[in-house]
Amino acid sequence: MEREVLKEENELNLSRDEGMSAGGEQTASCAAGDGAAGGEKTASGEAGDGAACGEVRVTRPLRARVMAWILLGVIFLLLAGFIICLITGSRYMYGMLFLLIFVPVFFYLMLWIKKVFSR
């Protein structure tokens, strides 16, 4: 019963995301029925790379992964700057604290707005 529900959800996800960019790849698992990694098929019909049974694996395009790493680097630099300003007692400490809170919230809101308008 549970496996049937997962297969239906996977089919819905595959049909919904058929228009993915060229960099993204989706793997529908359990195509062989026994959950073996070698028998899985991707959305294009090729052999998969070993996702677990009952799970859909979506890899992001390279550009999105690079942007995510850059954003993480910016957040960690802001955190380091805030800690340095905190230790030294700099007058820019509150500005760094504001940026440390504002930057992740800003990017989260931008992603949320993009998702809302893409529907």
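Higher on the page you've got the structure.
Peer 1: Residues and numbers for the overall build of the protein chain, please.
Peer 2: For the protein chain, the count of helices and strands is 3 helices and 3 strands. Going residue by residue from the N terminus, the α and β elements of the protein chain occur as α-β-β-β-α-α. Restricting the contact set of the protein chain to residue pairs at least 6 apart, pairs at least 24 apart contribute 38%. In the form shown here, the protein chain has an accessible surface area of approximately 9,200 Å², with 65% of it arising from carbon and sulfur atoms.

Peer 1: Break down the packing of aromatic side chains for me, citing the residues and quoting the values.
Peer 2: In total, this model carries 3 aromatic pairs according to the counting rule given. With 5.4 Å between their ring centres and 75° between their planes, Phe106 and Phe107 make a pair best called edge-to-face. Residue Phe106 is classed as partly exposed on the basis of its relative accessible area of 35%. You can call Phe107 partly exposed: its relative accessible area is 36%. An aromatic cluster of three or more residues is present, and its members are Phe98, Phe102, Phe106 and Phe107.

Peer 1: Help me get a handle on the packing of helix α2 (residues 62–88) against helix α3 (residues 93–118), residues and values and all.
Peer 2: Where α2 contacts α3, the axes come no closer than 8 Å and their chain directions differ by 160°. Between α2 and α3, the crossing angle belongs to the class labelled roughly antiparallel. For α2 against α3, the interelement crossing comes out left-handed. Only Met93, Met96, Leu97, Leu99, Leu100, Val103, Pro104 and Phe107 of α3 make contact with α2, whose side of the interface consists of Leu71, Ile75, Leu78, Leu79, Gly81, Phe82, Cys85 and Leu86. When the residues that make up the contact of α2 with α3 are grouped by side-chain class, the tally is 15 nonpolar, 1 polar and no charged.

Peer 1: Please give an account of α2 that cites residues and values.
Peer 2: Here α2 is 27 residues long and its end C-alpha atoms lie 39 Å apart, about the 39 Å a rise of 1.5 Å per residue gives. Among the residues making up α2, those that are buried are Leu78, Gly81, Phe82 and Cys85. In this structure, the buried side of α2 is in contact with α3. At the C-terminal side of α2, Gly89 shows a positive phi close to 75°.

Cut-offs used in this document
- Residues numbered from 1 in each chain as written.
- Predicted model: local features only at pLDDT ≥ 70, side-chain atom pairs only at ≥ 80, totals over all residues.
- Heavy atoms only, no water.
- Helix = DSSP H or I, 4+ residues; strand = E, 2+ residues; numbered from the N terminus.
- Contact = heavy atoms within 4.5 Å.
- Areas by Shrake-Rupley, 256 points an atom, 1.4 Å probe, with all protein chains shown as cover.
- Phe/Tyr/Trp six-rings, centres within 6.5 Å; stacked < 30°, edge-to-face > 60°.
- Buried < 20%, exposed > 50% of the residue type's maximum accessible area, 1.4 Å probe, protein only.
- Axes fitted to C-alpha atoms, helices over the stretch in contact; angles between N-to-C directions.
- Parallel < 35°, antiparallel > 145°, perpendicular 65-115°, else oblique.
- Left-handed = near helix turned anticlockwise from the far one by under 90°.
- Nonpolar A, V, L, I, M, F, W, Y, C, P; charged D, E, K, R; others polar.
- Expected span 1.5 Å × (residues − 1).

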